[in-house]
Number of protein chains: 2
Amino acid sequence: MDKNSDTLKLENQLCFPLYACSKEIVRRYKPYLDKIDLTYTQYITMMVMWEVKQINVKELGEKLYLDSGTLTPLLKKLESKDYVKRERSKHDERNLIVTITEKGEALKSKAVDIPEKVSACMTLSEEKAQALYSVLYEILDSME
Amino acid sequence: MDKNSDTLKLENQLCFPLYACSKEIVRRYKPYLDKIDLTYTQYITMMVMWEVKQINVKELGEKLYLDSGTLTPLLKKLESKDYVKRERSKHDERNLIVTITEKGEALKSKAVDIPEKVSACMTLSEEKAQALYSVLYEILDSME
DNA sequence: TATTATTAAATTGTACACAATTTAATTTTA
DNA sequence: TAAAATTAAATTGTGTACAATTTAATAATA
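The structure displayed is predicted, hence computed values, not measured ones. Along each chain, residues carry numbers from 1 onward, in the same order as the chain's sequence is written. All chains are assigned letters beginning at A, and all ligands numbers beginning at 1, according to the order in which they are written. Two thresholds apply to this predicted model, a pLDDT of at least 70 for residue-level local features and 80 or more for giving and counting side-chain atom pairs, whereas whole-chain, interface and lining totals are computed over all residues. Only hydrogens and water are set aside; all other atoms, that is, all heavy atoms of the structure, feed into the side-chain values.

A. Main features of the layout of surface pockets. Buriedness for pockets is judged along seven lines, at least five of which must meet protein on both sides within 12 Å for an open set on the 1 Å grid over protein atoms alone, while cavities are sets there where a 1.4 Å probe fits but cannot get out, and lining residues have an atom within 4 Å of a point. Grid points are joined across faces, edges and corners, and a volume is the space filled by probe spheres set on the points. For the largest pocket, the calculated volume is near 600 Å³. Around the largest pocket, the lining comprises 21 residues; the ones closest to its centre are Ser119 and Ala129 of chain A together with Asn12, Gln13 and Leu14 of chain B. Of all the elements in the fold, those that place two or more residues in the lining of the largest pocket are helix H2 (15-35), helix H7 (114-120) and helix H8 (126-142) of chain A. Throughout, the ten residues Ala, Val, Leu, Ile, Met, Phe, Trp, Tyr, Cys and Pro are labelled nonpolar, Asp, Glu, Lys and Arg are labelled charged, and all others, Gly among them, are labelled polar. In terms of residue class, the lining of the largest pocket is built from 12 nonpolar, six polar and three charged. The helix and strand labels rest on DSSP assignments: H or I over at least four residues marks a helix, E over at least two residues marks a strand, and numbering proceeds from the N terminus.

Following this line, the structure appears as structure tokens:
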């Protein structure tokens, strides 16, 4: 096969639809997230916080696939909104412990309807959604 | 079902693995793209240019799911590297026509091996890759 | 235990990404 | 055809992303 012919066409790439699809779906979140004054990245951070209540930056970054360069300013912003508290660990001052606040907990009830509203704006069968989900995690796991 | 229980868990979201997977794969491109001094966004832009040779910013944005706010500075950078030429349309001066240069054409041969190198670092069967590809475009199409 | 190595966040710098606004050109319409 | 509407890029402003470096704390080791 002629290497130059087709491999570099956008339509033959797997990464591109992944990249485009991710961005388009995140964009669908925006109108709903605007109402509760969160960006998408702040939203997924709060999803972790709603679940674990307390976590340090390193572990948070591993869950979200983000580093401190992204998380540090983001967490400062969430702190300024009083959704989380940031404090150094007493046992190991290198660690910064992030803890959800009452106000952060209360925000959850305003966010609970967002996932279904977003998925409503795209038609995808339950089987295909499940298949997509599995393949994505398979890829993520294979890249660790 | 209790609405508050599970819907807001990261692991139950479809958007999150999509977002994370997209970023991780783009990151895998970086070492190869660094060698030809392109960012990922510049690379997918050049992929379109290698294919169409000439296009205006609006159509380019539709193909790439990007707007002029992203494309204007990016195209200026590609122009400064002499990979593309930017000039207003004579028929309609609102349109900016982007044209690939000789140097831009020549860059293609250096990029042709990148897709296979990136896909080599993740294990995914041909069937699953094909299925993933189909579902992603199905979602993209359903969101137009 | 003093030195070295490692680790976790923060910082710095570059490059998107996109909503909203502005500017300029072209079309539409009153 | 003059005014209004539309269109395409560019600009502005905010918020990621992430590599690379720095800083400070802790752990390992000579």
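Now, onward.
B. Molecular detail of the relation of the copies chain B and chain A. The two copies are related by a screw operation: chain B maps onto chain A through 180° of rotation and 0.0 Å of translation along the axis, at an RMSD of 0.0 Å. Put plainly, the chains are arranged around a two-fold axis. Only heavy atoms enter the contact rule, under which two residues are in contact if any of them lie within 4.5 Å. When the interface residues of chain B are mapped onto chain A, 98% of them again fall at the interface, so both copies present the same face. The atoms used to superpose the copies are C-alpha atoms, taken from residues with pLDDT of at least 70 in both, and the fit is least squares.

C. The protein's contact with DNA strand D, seen in detail. Taken together, 30 residues sit near DNA strand D, with Thr39 of chain A together with Tyr19, Ser68, Thr72 and Arg86 of chain B positioned nearest. Put simply, 79% of the atoms of DNA strand D that lie within 4 Å of the protein are in sugar or phosphate. Residues adjacent in sequence count toward polar contacts only when both atoms are side-chain atoms; beyond that, a polar contact is any pair of N or O atoms within 3.5 Å, and within protein one must be able to donate a hydrogen and the other to accept it. At 2.8 Å, a side-chain N or O of Gln42 of chain A approaches a phosphate oxygen of DNA strand D. Backbone polar atom of Lys58 of chain B to a phosphate oxygen of DNA strand D: 2.8 Å apart, as the coordinates give it. The nearness test applies per residue and asks whether one of its heavy atoms lies within 4 Å of the molecule or strand.

D. How the structure looks around helix H5 (residues 68-80) of chain B. Residue and element names in this part refer to chain B. Expected span of a helix, by definition, is 1.5 Å for each gap between consecutive residues, and there is one gap fewer than residues. The first and last C-alpha atoms of H5 sit 17 Å apart over 13 residues, in line with the 18 Å expected at 1.5 Å per residue. All of the buried residues in H5 are Leu71, Leu74, Leu75 and Leu78. The buried residues of H5 occupy an angular sector of 105° when the element is viewed end-on, so they sit on one face. Exposed side of H5, more than 90 degrees from the buried face: Gly69 and Ser80 are the residues found there. Check the buried side of H5 and you find it contacts helix H3 (40-52), helix H4 (57-64), strand E2 (84-88) and strand E3 (96-100). Near the N-terminus of H5, the side chain that reaches the backbone nitrogen of Gly69, with its oxygen 3.1 Å away, is that of Asp67. Immediately downstream of H5, the backbone of Asp82 shows phi near 65°, a positive value. Only protein chains enter the area calculation, which uses a 1.4 Å probe; residues under 20% of their type maximum are buried, those over 50% are exposed, and those in between are partly exposed. As used here, the arc belongs to the directions running from the helix axis to the C-beta atoms.

E. Local environment of the sheet that holds E3 of chain B. Residues and elements named next belong to chain B. Two strands pair if DSSP finds at least two bridges between them. Strand order in the open sheet formed by three strands is E1-E3-E2, with antiparallel pairing between adjacent strands. Looking at which strands have only one partner, the edges of the open sheet turn out to be strand E1 (54-56) and E2. Adjacent strand axes in the sheet meet at a mean angle of 25° when their direction is disregarded. Every angle, taken between N-to-C directions, lies between 0 and 180 degrees, and every axis is a line fitted to C-alpha atoms, over only the stretch in contact when it is a helix. Packing against the sheet, H4 makes contact with E1 and E3, and its axis sits at approximately 95° to E1.

F. Structural context of the packing of aromatic side chains. The aromatic pairing rule takes the rings of Phe, Tyr and Trp, using the six-membered ring of Trp, and pairs them if the centres are within 6.5 Å, calling planes under 30 degrees apart stacked, those over 60 edge-to-face and the rest tilted. The final tally for this structure, using the stated rule, is 14 aromatic pairs over all chains. Summarising the aromatic geometry, the rings of Tyr40 of chain A and Tyr19 of chain B are spaced 5.4 Å apart at their centres and angled 70° between planes, so their arrangement reads as edge-to-face. One end of the pair, Tyr40 of chain A, is in helix H3 (residues 40-52); the other, Tyr19 of chain B, is in helix H2 (residues 15-35), on a second chain. On the accessibility criterion, Tyr40 of chain A (7% relative accessible area) is buried. Residue class for Tyr19 of chain B comes out buried when judged on its relative accessible area of 12%. An aromatic cluster of three or more residues is present, and its members are Phe16 and Tyr19 of chain A together with Tyr29, Tyr40, Tyr43 and Tyr65 of chain B.

This is a description of form; function is not addressed.
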